[in-house]
Structures are given as structure tokens and as C-alpha cells.
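Summary of structural features
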Amino acid sequence: MQGAPSISAATGFFGYRFNPVGVLAFLVILLWTVVALFAPHIAPHPVGKIVDMDYFGPMSSKLWLGSDYLGRDVLSRIIYGARYTLGIALAGVLIASSCGVIFGMAAAVIGGWFDAALSRFMDAMISIPSKLFGLVIVAAVGSSLPALILTLAFIYTPGSYRFARALAVNVNTMDFITVARVRGENTLYLAVSEILPNIIRPVLADFGIRFVFIVLLLSGLSFLGLGVQPPLADWGALVHENIQGLSFGAAAVIAPSLAIASLTISVNLLIDNLPRKIRDRSA
């Protein structure tokens, strides 16, 4: 008698089979994305409105997560904070990954002194501790949203460059690249039409990992008071501004911490459980 089939992966979509853990992680990420996009329509109260005459008020049917150190609704601030945490991190990782991939492919195709000079510069940049570097730049230029995005992108571009260059160098030695060179194809064609399609899958996986790094660094900067400035706040800033009241209103500190953990862990789990066809270009 044939046994029942083992349920080890979710039903296939677009030719891929997704692990249930990956599907669950994707749903958590989707939830936070929806919250960020529709925050003004979901939040019970405006982000800076004082709704409780007592600070660090308890959780209740009116204030599900209580109030913060000024009497503002913690749940509303977490919902609005998702906009800044996800928005800044996504903008930063898009810039970092795009610059890293472009420079990495250019270095692999052009080679020579250009590759050597650019690689040494990126090696010098990546040797600087990211949090220390971020603290110095943000303290110098300020904590405006564009400054935060560019700072985070600048910090993580060297790592993205090294990853993309390593992939591009391997592809650049293959026979079809040699044939394209013999045909007289230029550098732009080689990078965009020949190399990029062969490295895009692992680059997307690296994109997710760097997104997590940027979320954690942004939260760390905000916890130190150098991130998104009041009355606006990302999740790290919410922990920073309420940490003194941990013994009075623990939800004001624990809830944004759990939000950071749920997002970063879900992104990691999604990457780890992606189908091999997506993660590995050789699959």
C-alpha cells in the first residue's frame, strides 16, 4: 500500500516549489509591507497625537499597546514606524545593491588598473566598522531622511560590490563571453546582456541579506538618537525614546523590538527557504 505523499513544500507557483517556512516568512513580510503602505488608514490615531493624559499608560481596549512617555498611542507609532523602517531600508539597499552590481560588473569586464583601483578603494571602505562609520557621517551631516538613506547605501555598497564582482569574474571567463568579445560587442552589452542575467539570482538573495543589515544598522543609529528624528520615528527610535520607562510601560519597548525581530527574521527565513532555482544560478 502506497503511503500518503509527504508535505514538504507548498504547491508550486510559476514552476517553483516553496517551503512552508518560506511562505510563512513571506506572509509576515507582506503584512509589514501592507502596514507601511496604508499606515494612515490603519493607525487608530495620528502619529504625534497625545491620546492619554498619563504617560506609559497600560494596555486597554482603547490603547491596545498602551501609551508612550508622552501619552501617545504606541500601536499607532509602530504602524507609522513601519513606513520609515521599511522605506529607508529599502531605498538604501536599492541604491547600495544597484551601485555594487554596476561597479562589480564594470570591474570584471574592464579589468586591469580600473579593477585594481576600484577593488582597493572598496576594500578600504569595507574595513571600516559600519556602525562607527554611520555614527561619524550622520553626526557630521545630520539625520535627515535623504542623509540617512545615502549614508546606509554608502556603507553597504562595498560589500555588494565584492559579491557582484566575484560572480561577474566567474561568468566573464566563460566561452560565451569570449564569443561575444570576438563578435565585437562593447562593455555595456557584455555587462547587461551576458553577465547580469547569469548573476541576478544570487544577487537578489544578497539583496535580502543586505536589507536585514540595513534595518539593523538603522535601528541601532535610531536607538542612539541619530536616526529618524521626533515626532517621526522608526522602530529603533521607538525603543530609544521609551527605554527609560521599561518598568512602567514595557509594551512601548518590547513591541517595536518584536517588530524589528519579526521583519529581520522573516527576511532571513525567506532567503534560506527560497527554491534552489532562485538562489543558485547553477541549479
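Residues numbered from 1 in each chain as written. Predicted model: local features only at pLDDT ≥ 70, side-chain atom pairs only at ≥ 80, totals over all residues. Heavy atoms only, no water.

In the annotation of an unreviewed UniProt entry, the entry for the chain reads ABC transporter permease, and the organism field reads Agrobacterium cavarae. Recorded under Sequence similarities (unreviewed entry), the UniProt text for the chain is reproduced unchanged: "Belongs to the binding-protein-dependent transport system permease family." Regarding the chain, the UniProt comment filed under Subcellular location (unreviewed entry) reads as follows: "Cell membrane". (UniProt positions renumbered as here; feature names shortened; annotations may be inferred.)

Mapped onto the present numbering, the UniProt feature "transmembrane region" (unreviewed entry) falls on residues 20–39, 86–113, 133–156, 207–228 and 248–271. Along residues 133–156 the backbone is 88% helical and 0% strand, and the end-to-end C-alpha distance reaches 11 Å. Secondary structure across residues 248–271 comprises 88% helix and 0% strand; the distance between its end C-alpha atoms is 38 Å. (Helix = DSSP H or I, 4+ residues; strand = E, 2+ residues; numbered from the N terminus.)

Reported here for the second largest pocket is a volume of approximately 160 Å³. Along its surface, the second largest pocket is lined by V93, L94, S97, S98, V101, I102, M105, L196, I200, V203, L204 and F207. Of all elements in the fold, only α3 (74–110) and α8 (187–223) reach the threshold of two or more residues within the lining of the second largest pocket. Ranked by the residues each element gives to the lining of the second largest pocket, the list is headed by α3, at seven residues. For the lining of the second largest pocket, the residue count by class is 10 nonpolar, two polar and no charged. (1 Å grid on protein atoms, 1.4 Å probe; cavity = no way out; pocket = protein on both sides within 12 Å on 5 of 7 lines; lining within 4 Å. Points joined across faces, edges and corners; volume = space filled by probe spheres on them. Nonpolar A, V, L, I, M, F, W, Y, C, P; charged D, E, K, R; others polar.)

Now for a nonpolar patch on the surface. Side chains of F26, L27, L30, V34, L37, F38 and I42 sit close together on the surface and give an oily, nonpolar patch of about 620 Å² of accessible area. A per-element tally of the nonpolar patch places helix α1 (residues 20–37) first, with five residues. Its relative accessible area of 55% is what places L37 among the exposed residues. (Patch = residues over 30% accessible without salt bridge, like charges linked within 9 Å, V, L, I, M, F, W, Y side chains within 5 Å. Areas by Shrake-Rupley, 256 points an atom, 1.4 Å probe, with all protein chains shown as cover. Salt bridge = Lys/Arg side-chain N within 4 Å of Asp/Glu carboxyl O. Buried < 20%, exposed > 50% of the residue type's maximum accessible area, 1.4 Å probe, protein only.)

Our next topic: the environment of S257. For S257, the position within the fold is in helix α10 (residues 251–272). A residue is classified by how much of its surface remains accessible, and S257, at 32% relative accessible area, is partly exposed. Along the backbone, S257 and S219 are 38 residues apart, and their C-alpha atoms lie at a distance of 9.5 Å.

It is worth spelling out the UniProt feature "domain: ABC transmembrane type-1" (unreviewed entry) in the chain at this point. In the UniProt entry, the feature "domain: ABC transmembrane type-1" (unreviewed entry) is given for residues 82–271. From the first C-alpha to the last, residues 82–271 spans 21 Å; its make-up is 83% helix and 0% strand.

This part covers the packing of α3 against helix α4 (residues 112–126). At a closest axis distance of 7 Å, the pairing of α3 and α4 adopts a crossing angle of 145 degrees. Viewed along their axes, α3 and α4 form a crossing whose handedness is left-handed. Across the interface between the two elements, F103, A106, A107 and I110 from α3 touch G112, F114, D115, L118 and M122 from α4. Counted by class, the contact of α3 with α4 contains seven nonpolar, one polar and one charged residues. (Axes fitted to C-alpha atoms, helices over the stretch in contact; angles between N-to-C directions. Left-handed = near helix turned anticlockwise from the far one by under 90°. Contact = heavy atoms within 4.5 Å.)

Tallied over the entire structure, the rule returns four aromatic pairs. Geometrically, the ring pair formed by W113 and F114 is edge-to-face, given 6.1 Å between the ring centres and 85 degrees between the ring planes. Accessibility expressed as a relative area gives 71% for W113, which makes it exposed. The class of F114 is partly exposed, set by a relative accessible area of 26%. With 5.8 Å between their ring centres and 40 degrees between their planes, F133 and F154 make a pair best called tilted. Placement of the pair is F133 in helix α5 (residues 130–141) and F154 in helix α6 (residues 145–172), with a sequence separation of 21 residues. (Phe/Tyr/Trp six-rings, centres within 6.5 Å; stacked < 30°, edge-to-face > 60°.)

Across all of its chains, the model carries 10 salt bridges by this definition. The partner of D68 in a salt bridge is R77, with the nearest N and O atoms 3.7 Å apart. In this structure, the salt-bridge partner of D206 is R210, at a minimum N-O distance of 2.8 Å. Placement of the pair is D206 and R210 together in helix α8, with a separation of four residues, close to one helical turn. The same class applies to D206 as to R210, namely buried. Among the charged side chains, a salt-bridge network with shared partners connects D68, R72, R77 and E241.

Checked against the element boundaries, A91 lands in helix α3. A residue is classified by how much of its surface remains accessible, and A91, at 24% relative accessible area, is partly exposed. A91 sits 65 residues away from F26 along the chain, and the two C-alpha atoms are 19 Å apart.

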